[in-house]
Amino acid sequence: MIRKTARPVMTMALLLLTSLSVAAAPAQYDSGIEQARALGTLSLKGELFHVQGLDIDAQHIWVTSVDKANHKGYLHQFDRKTGQFLRRLDVSDGARYHPGGIAIANGSIWVPVAEYRPGSSAVLLEIDTETLTVRRKIEVGDHLGCVAATEQRLVAGNWDSRLFYVFDLGSTAPPQVVKNPSPTAYQDMKFVGDQLVAGGARTPWSGTLDWIDWPSMKITRTLRSGAVGLVRPFGRGGAYTGEGLALEGQDLYLLPEDGPKNGPGRLFHFKLGA
């Protein structure tokens, strides 16, 4: 999803323009991920709202979603083999109930939770993956929608990731702020070695998956993404890379769909380099 500034009501004119835009989508809009082979899907058997972030470990699938109607944000845990729901944690913090893209590092899962509007505020939560207790909170005077993590560093993107906030976890200094080198509105990203791998949407039916050298912020590889289906509110989907992503070697996992009205969310599995 490409996030836009919140409005009280979507006008009929905007709905018409959006429907025309979706109708005009290229025939290959559902063509998957460039240079990747689709290996199948896993249905997540539990309640999900508007999906935001994804990460995986040896046994679990971790997902964040936001229940906008009730001003609640959640971190969900599923069994990796079966997709069965295991538990969830309410990560809402008053006006901050929008969790974003997540990252696992050093026995913790980092979750940004922000107000549901740009230029607002957020808190970065470090949550123990075993007990789901909060180890640490970092408050930030901007909306943060995704985070990548190592043992010593966090890189968090603001609304549509136009800016990155870089935190040294061993220092009390304010974060460094750098610009996003891509027009893609990154929604989830991970550190893979000395690179950031970030995914997001560019149009209602397309996105990219980018490899960004750290700390030069030079994009070294870009793969184009099609869409899983019609963009919201006309469907559950949009760009495959529009929401949660996780990587294990050449295995790419994407979670672009919302739940639960049209069935369970599906975890899409691709093999890169195909």
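Each value, and the rule that gives it
Residues numbered from 1 in each chain as written. Predicted model: local features only at pLDDT ≥ 70, side-chain atom pairs only at ≥ 80, totals over all residues. Heavy atoms only, no water. Core = buried A, V, L, I, M, F, W, Y, C linked by side-chain atoms within 4.5 Å. Buried < 20%, exposed > 50% of the residue type's maximum accessible area, 1.4 Å probe, protein only. Helix = DSSP H or I, 4+ residues; strand = E, 2+ residues; numbered from the N terminus. Contact = heavy atoms within 4.5 Å. Pairing = 2+ DSSP bridges. Axes fitted to C-alpha atoms, helices over the stretch in contact; angles between N-to-C directions.

A. Quick peek at the nonpolar core. In terms of nonpolar packing, the biggest core is built from 16 residues, with W110, L124, I138, V140, L144, L154 and F167 touching the most fellow members. At the level of secondary structure, the elements contributing two or more residues to this core comprise β7 (103-105), β8 (108-115), β9 (122-128), β10 (134-140), β11 (144-149), β12 (153-158) and β13 (163-168). Here L124 is in contact with W110, V111, P112, R136, K137, I138, V140, L144, V147, L154 and F167, once residues within four sequence places are set aside. Counting 15 residues, the second-largest nonpolar core is a separate cluster that includes W211, L223, L245 and F268.

B. Molecular detail of the sheet that holds β12. Pairing is antiparallel across the open sheet formed by 4 strands, whose spatial order is β11-β12-β13-β14. Only two strands of the sheet have a single partner each, and these edge strands are β11 and β14 (176-179). Here the average twist between neighbouring strands, direction ignored, is 25°. Where β13 lies against β14, 4 bridges are found, and the strand directions are antiparallel. Pairing of L163 across the sheet is with K179, part of β14.

C. Region of the structure containing the pairing of β12. Most of β12 sits inside the fold, with 5 of its 6 residues counted as buried. Linkage of β11 to β12, two consecutive antiparallel strands, is achieved through a turn of 3 residues. Direction of pairing for β12 relative to β13: antiparallel, over a ladder of 5 bridges. Within β13, the position partnered with A156 by the bridge is Y165.

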